[in-house]
Protein chains: 2
Amino acid sequence: MSAPEVAPQNPPIPKQSELRRCISLAICVALGAVLWFLPVPAGVDPRGWQVMAVFVATILSFILRPLPMGTMVLVGVIILVLTNTFADPATAPKKASKESLAYALSAFGNTTVWLVVAAFLISGVVIATGLGKRIALLLISALGKTPLGLAYGIGAAELVLGPFVPSNTARGGGILAPIVDSLCRTLVGDAERRRRNDVSAYLIQVGAHANLITAAMFLTGMAANGLVSAAAQDVAGVEFGWGMWAKGAIVPGLAGLILLPVFLKFLLKPTGVDVAAARAKAGSDLKAMGPMSRNEWIMLGVFVLMLGLWTTAKFHHIHTAVVALLGVVICLVTGAQKWNDMAKNYGAWDAMVWLGGLIMMAGALKDFGVIDWFANNAKGWVTGFTPFYAAILLALIYFLSMYAFSMLTGHITAMVAAFIGVAIGVDAPALLIIPLLAYFSNLCGSLTHYSTGPVVIYFGLGYVEAPRWLRTGAFVGLFHIIVWLGIGLPWWKLLGWW
Amino acid sequence: MSAPEVAPQNPPIPKQSELRRCISLAICVALGAVLWFLPVPAGVDPRGWQVMAVFVATILSFILRPLPMGTMVLVGVIILVLTNTFADPATAPKKASKESLAYALSAFGNTTVWLVVAAFLISGVVIATGLGKRIALLLISALGKTPLGLAYGIGAAELVLGPFVPSNTARGGGILAPIVDSLCRTLVGDAERRRRNDVSAYLIQVGAHANLITAAMFLTGMAANGLVSAAAQDVAGVEFGWGMWAKGAIVPGLAGLILLPVFLKFLLKPTGVDVAAARAKAGSDLKAMGPMSRNEWIMLGVFVLMLGLWTTAKFHHIHTAVVALLGVVICLVTGAQKWNDMAKNYGAWDAMVWLGGLIMMAGALKDFGVIDWFANNAKGWVTGFTPFYAAILLALIYFLSMYAFSMLTGHITAMVAAFIGVAIGVDAPALLIIPLLAYFSNLCGSLTHYSTGPVVIYFGLGYVEAPRWLRTGAFVGLFHIIVWLGIGLPWWKLLGWW
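About the cut-offs
Residues numbered from 1 in each chain as written. Chains lettered and ligands numbered in written order. Predicted model: local features only at pLDDT ≥ 70, side-chain atom pairs only at ≥ 80, totals over all residues. Heavy atoms only, no water. Helix = DSSP H or I, 4+ residues; strand = E, 2+ residues; numbered from the N terminus. Rg over C-alpha atoms; globule rule 2.2 N^0.38 Å. Contact = heavy atoms within 4.5 Å. Areas by Shrake-Rupley, 256 points an atom, 1.4 Å probe, with all protein chains shown as cover. Lys, Arg positive; Asp, Glu negative; His and termini not counted. Charge placed at Lys NZ, Arg CZ, Asp CG, Glu CD. Least-squares fit on C-alpha atoms with pLDDT ≥ 70 in both. Expected span 1.5 Å × (residues − 1). Buried < 20%, exposed > 50% of the residue type's maximum accessible area, 1.4 Å probe, protein only. Axes fitted to C-alpha atoms, helices over the stretch in contact; angles between N-to-C directions. Parallel < 35°, antiparallel > 145°, perpendicular 65-115°, else oblique. Left-handed = near helix turned anticlockwise from the far one by under 90°. Salt bridge = Lys/Arg side-chain N within 4 Å of Asp/Glu carboxyl O. Polar contact = N/O pair within 3.5 Å; in protein donor to acceptor, adjacent residues only side chain to side chain. Nonpolar A, V, L, I, M, F, W, Y, C, P; charged D, E, K, R; others polar. Phe/Tyr/Trp six-rings, centres within 6.5 Å; stacked < 30°, edge-to-face > 60°. Lys NZ or Arg CZ within 6 Å of the ring centre and 35° of its normal. Patch = residues over 30% accessible without salt bridge, like charges linked within 9 Å, V, L, I, M, F, W, Y side chains within 5 Å. pLDDT = per-residue confidence, 0-100.

A.B. asks: Please explain the overall build of chain A as it appears in this structure.
C.D. replies: Counting secondary structure elements, chain A contains 23 helices and zero strands. A compact globule built from 498 residues would reach a C-alpha radius of gyration of about 23 Å, and chain A, at 23 Å, matches this within 12%. By sequence separation, contacts in chain A at least 24 residues apart represent 80% of the contacts at least 6 residues apart. Working note: accessible area of chain A is about 17,000 Å², and carbon and sulfur atoms make up 68% of it. In chain A, the 32 positive side-chain charges and the 21 negative ones have mean positions that sit 5 Å from each other.

A.B. asks: I tried to follow the relation of the copies chain A and chain B on my own but got confused; where do I start?
C.D. replies: There are two copies of the chain, and a rotation about an axis plus a shift along that axis relates them. Of the transformation placing chain A onto chain B, the axial shift is 0.0 Å and the rotation is 180 degrees, giving an RMSD of 0.0 Å. What we have between these two chains is a two-fold relation. Most of the interface of chain A is mirrored in chain B: 100% of its interface residues are interface residues there too.

A.B. asks: Any chance you could explain helix α3 (residues 46-64) of chain B here in plain terms?
C.D. replies: Residue pairs three or four apart in sequence face the same way in an α-helix, which turns once every 3.6 residues. Residue and element names in this part refer to chain B. Helix length check: α3, at 19 residues, gives a terminal C-alpha distance of 27 Å against a target of 27 Å (1.5 Å per residue), a fit within 8%. Of all the 19 residues making up α3, 14 are buried; the element is thus mostly covered by neighbouring parts of the structure. Just downstream of α3 lies Arg65, where phi reads positive at about 55 degrees.

A.B. asks: Help me understand helix α9 (residues 199-217) of chain A in this model?
C.D. replies: Taking 1.5 Å of rise per residue, 19 residues should cover 27 Å, and α9(A) covers 27 Å from first to last C-alpha, within 8% of that figure. Most of α9(A) is tucked away, with 19 of its 19 residues classed as buried.

A.B. asks: Help me understand the packing of helix α10 (residues 225-236) of chain A against helix α20 (residues 408-425) of chain A, please; the structure alone is not making it clear to me.
C.D. replies: Two quantities define a packed helix pair, namely the angle between the helix axes and the distance between the axes. Residues and elements named next belong to chain A. Viewed as axis vectors pointing N to C, α10 and α20 meet at an angle of 25 degrees, and their least axial separation amounts to 10 Å. With respect to α20, the axis of α10 lies roughly parallel. The way α10 lies across α20 gives a crossing that is right-handed. Between α10 and α20, the contacting residues are Leu227, Val228, Ala231, Ala232, Val235 and Ala236 on the first element and Thr409, Ile412, Thr413, Val416, Ala417, Ile420, Gly421 and Ile424 on the second.

A.B. asks: Honestly, the interface of chain A and chain B in this entry has me stumped. Any pointers?
C.D. replies: Many descriptions give the size of an interface as the accessible area lost when the pieces come together. At the interface, 44 residues of chain A touch 44 residues of chain B. Linking chain A with chain B are two salt bridges. Put simply, Lys98(A) and Glu239(B) hold a salt bridge, and the shortest N to O gap is 3.3 Å. Here chain A and chain B share six residue pairs in polar contact (both at pLDDT 80 or more) between them. Those elements giving two or more residues to the side of chain A that touches chain B turn out to be α3 (69-82), α4 (93-105), α5 (111-129), α15 (320-333), α16 (339-343) and α17 (346-367) of chain A. Top contributing element to the side of chain A that touches chain B by residue count: α15(A), with eight residues. Broken down by class, the residue content of the side of chain A that touches chain B amounts to 29 nonpolar, ten polar and five charged.

A.B. asks: In this structure, what is going on with the environment of Met222(A)? I would like to understand it.
C.D. replies: All names here are of chain A. Take Met222: it is sitting in the loop between α9 and α10. The class for Met222 is buried, based on a relative accessible area of 0%. Each C-alpha atom of the pair Met222 and Gly130 lies 21 Å from the other, and the pair is 92 residues apart in sequence.

A.B. asks: Just checking my understanding: could you explain the environment of Asn442(B) for this structure?
C.D. replies: Residue and element names in this part refer to chain B. Note that Asn442 resides in helix α22 (residues 430-443). Asn442 gets classed as buried once you look at its relative accessible area, which sits at 0%. For Asn442, the residues in contact, after removing those within four places along its chain, are Leu212, Ala215, Ala216, Met222, Asn225, Trp245 and Leu408.

A.B. asks: I tried to follow the packing of aromatic side chains on my own but got confused; where do I start?
C.D. replies: Each aromatic ring pair is specified by the distance between its two centres and by the angle formed by the two planes. Per the stated rule, a full pass over the model turns up 43 aromatic pairs over all chains. Ring geometry for Phe164(B) and Trp310(B): centres 5.8 Å apart, planes at 20 degrees, overall stacked. Of this pair, Phe164(B) sits in the loop between α8 (147-161) and α9 (168-187) while Trp310(B) sits in helix α14 (residues 294-311), and the two are 146 residues apart along the sequence. A single burial state applies to Phe164(B) and to Trp310(B), both of which are buried. Seen in terms of ring centroids, Phe399(B) and Phe440(B) are 5.0 Å apart; in terms of plane orientation they differ by 85 degrees. Their pairing is edge-to-face. Separated by 41 residues along the polypeptide, Phe399(B) in helix α20 (residues 387-400) and Phe440(B) in helix α22 bring together distant segments of the chain. For the pair formed by Phe399(B) and Phe440(B), the shared burial category is buried. Lys493(A) extends its terminal NZ or CZ atom over the ring of Trp498(A), reaching a point 4.3 Å from the ring centre.

A.B. asks: For this particular structure, what's the right way to read the pattern of salt bridges?
C.D. replies: Two side chains carrying opposite charge are able to pair once their charged atoms lie near each other. Within this structure, the stated rule accounts for 16 salt bridges over all chains. Between Lys366(A) and Asp372(A) there is a salt bridge whose closest N-O contact spans 2.9 Å. For Asp285(B), the salt bridge identified is with Lys281(B), shortest N-O distance 3.1 Å. One end of the pair, Asp285(B), and the other, Lys281(B), are both in helix α13 (residues 276-288), four residues apart, so they sit about a helical turn from each other. Its relative accessible area of 28% is what places Lys281(B) among the partly exposed residues.

A.B. asks: Whenever I open this one, the side chain of His449(A) confuses me. Can you help?
C.D. replies: Residues and elements named next belong to chain A. Topologically, His449 is positioned in the loop between α21 (430-443) and α22 (453-460). Owing to a relative accessible area of 16%, His449 belongs among the buried residues under this scheme. Beyond its immediate sequence surroundings of up to four residues, His449 is in contact with Val455, Val456, Phe459, Ala466, Trp469 and Leu470.

A.B. asks: Please clarify how a nonpolar patch on the surface should be interpreted in this entry.
C.D. replies: All names here are of chain A. Together, Ile250, Val251, Leu254, Ile258 and Leu259 make up a nonpolar patch on the protein surface, roughly 360 Å² of accessible area in all. With respect to the secondary-structure elements, Val251 resides in helix α11 (residues 242-268). Looking at Val251, the relative accessible area reads 31%, which means it is partly exposed.

A.B. asks: What should I look at first to understand unusual backbone geometry in this one?
C.D. replies: It is generally the case that most residues other than glycine have a negative phi and that most peptide bonds are trans. All names here are of chain B. A positive phi is found at His317, a non-glycine position, where the angle reads about 60 degrees. With phi around 65 degrees, Asp427 is a residue other than glycine that occupies positive phi space. Counting through the fold element by element, Asp427 comes out in the loop between α21 (408-425) and α22. Judged by relative accessible area, Asp427 falls into the exposed class, the value being 62%.

A.B. asks: Even after reading the chapter, I still don't get the confidence of the model for chain A, so can you show me in this structure?
C.D. replies: The predicted structure's coordinates, where accompanied by low pLDDT, should not be read in detail. All names here are of chain A. A residue-level look at chain A finds 95% of positions with pLDDT of 70 or above and a mean pLDDT of 90. No element of chain A has a lower mean pLDDT than helix α18 (residues 370-378), which averages 85, and none a higher one than α21, which averages 97. Across residues 1-8 the pLDDT falls below 50, and counting only partners more than four positions away or on other chains, this stretch makes 27 contacts in the model. Scored as a complex, the prediction yields pTM 0.89 and ipTM 0.87.

Written out as structure tokens, the structure reads:
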């Protein structure tokens, strides 16, 4: 297994000087310190205010990025633990430290965190066995008779892998981007690469934007989706788990995947290149892989079992994360992957640390009254709107605010709980605002070329220049809004969600 | 960083045929199934009985070793979760799976588990920066004027690294064994290697047995020590944390480290070889390392800070695991190690999974009444003894039973909670039986050449043949019993523990 393919969930930290790094860190610390010592508003637990100060500084660190996300989350956690923020003020000093620590560590036993961890571990097996690559090549060579067909092949591969590869970077950037890149190389010579309207630019952008749709469709399609699910539980008391998430997404998501290649074709007007060479390349790459190995068959069996159990949960009631862990155990016992190799899949542990830490802090904001206080004060933003339009307005603000963020995770962390709180505060239906924010959390990544790992990677292949990516991105963003409001809203109404 | 040095905590799985592996696994499953369906004794929660069945099968798997420990623990956990064993029988079927999972995952937020995880992460930095090697070479070249001096150098290095390197395999097998091996190679030519009484055999056995003493002295000296600490809490309600553990061990532990080289010298009578060459080799290896790097200085500072905070806990009340996590965060923020490299230290995550899983299962045995039931029934073993002698007898049985186990962790898992329960049941003082079992848990590894990773590695260097190792081991075992009963018991009396 090539570990780095599974590992990174978010764009790597841009190269920057040591000095700039120190200044960035100092700014985060300063902001946190100022907030920490501001007078605490009435109705907020002083401990909640401290959590808020650290939380805001942590989010700022996701934007300035002096250090990786895992490090910054650990810094935030250790500050809150050391100050005994999570301990009851009535606890004896001797016990406060342990109590504070126990609260902080509780998120590492969170069921959503372990759903993501288990899916990460499985995605490592998908990649190591070669099954992910085989599925992608198979679909592309089967469907790729025309540029549009190639695009559908890419989308279909994203859809099949979406539920199992929770690092959208591993899926888009690790499995699919190299394949799409090699298809493009087969189609056009280097000199022609940057030609304005060629098929390469089309396929590259299909790859990036299809990745965001499948990231939106499954709770396990993107690592930080667990943050939305946790916020739904904490703030609105709604269990928006794997099944609900997928049910709400299936209709608008499939519509988006079907329409995207057509829409981008209309937008980009790729000049009519014969794609037979690309299809042949995918076919020969597939042939070069040889027959399915024993471990690929096992992995395929685990795929089918997991999807079967996930989609029939209402009959057997086995929790999604239990199914995922069962998949992990089957891979281990059958030897599809050895335990030591699985434990080396450090993307899983990275996700455990930052996702667990963030879920814990977000939960503390709710527990200590900060979310309620914020939601009460922010109601004014949407005065004069009906609850329905307030929810839509909030969702659109949420979508467009992604322009200010350099990573999906930072955007979700910063805003999702507060926005759910505000919407609930003005009586918007929980199952209107939650799906809107859940799916928009990923779809909004279409706006820029720096939003999330796979987009950075596709963009970094050099086929499309930044201004063009941003221009197309704005149209694709509009496309998503129209699809998910136009098809999603009626679908959720039909489900009785609002 | 060379990851494998930090990773293995227990002896690697011996090579065996696929068939033998399957048979071993089938035997474990069969035993578990038989126990599962046996009639449940009165007074035991049926769920506790199920946990017991899986727990016993898991321990058997540690002896037969069809698959690595991490895998077998996950198999046990998933079986118990899938059967909803951890859910309240009154819980609605719809919620039972999540409730069962949440109970199972809770141990991944356990403070003792995270103390071990944090120490693992720090030990990765100790190894990666070269500080561990430098400390060992420094002490050996400073003290190694005679064979006895070399032995003290090895013991001193073990003592300094003991608190920070919770994989005794990483400490003994990864850091020290290669150094001791290279000293031996300097001293005697290959042909002479296996000569009965040479200095090499002496130093090798000093290395192995000193490792077990430092493993015994610190809660963070061996990864599975957390199991003892958790059992003390669960079964006896005693918080036997890092400070208590070290306080009880410091006097007999130092005595053992001081006496061991003399005792082994008396026992093995190494022929008088001039060790100047070995000392010179350590000195030149040290010189070859060059001056301390920036990251070594940082790591050394973190060492001093952590030791300072750990030993002054009664003034500031900061929990041991918080101190360890602070050390981790300082290493990250100063850049002594990057987050991605730290996350690749898979030994930490391996330990989290198996230690967390085992602590959870052991806790369930207590929660569901199995330990109490067992202790009540096993009282008969020690009838006719005063509580004091009953505790001593139990501790000796515990020590000697290590002959039947191939890993310290399996031995601890199988017996420690039950033995504490039995001793408490016959009114033995908790703080007599707990320290005895805690320290004996590691010291008993002296008995065989297959007891734990570093012993396997030292033995595997080939300087000492198995019969001789076992013979010496029996004497060292006796030595430990005499030291820890002769000096330990009065020391704990002085501390007011019993």
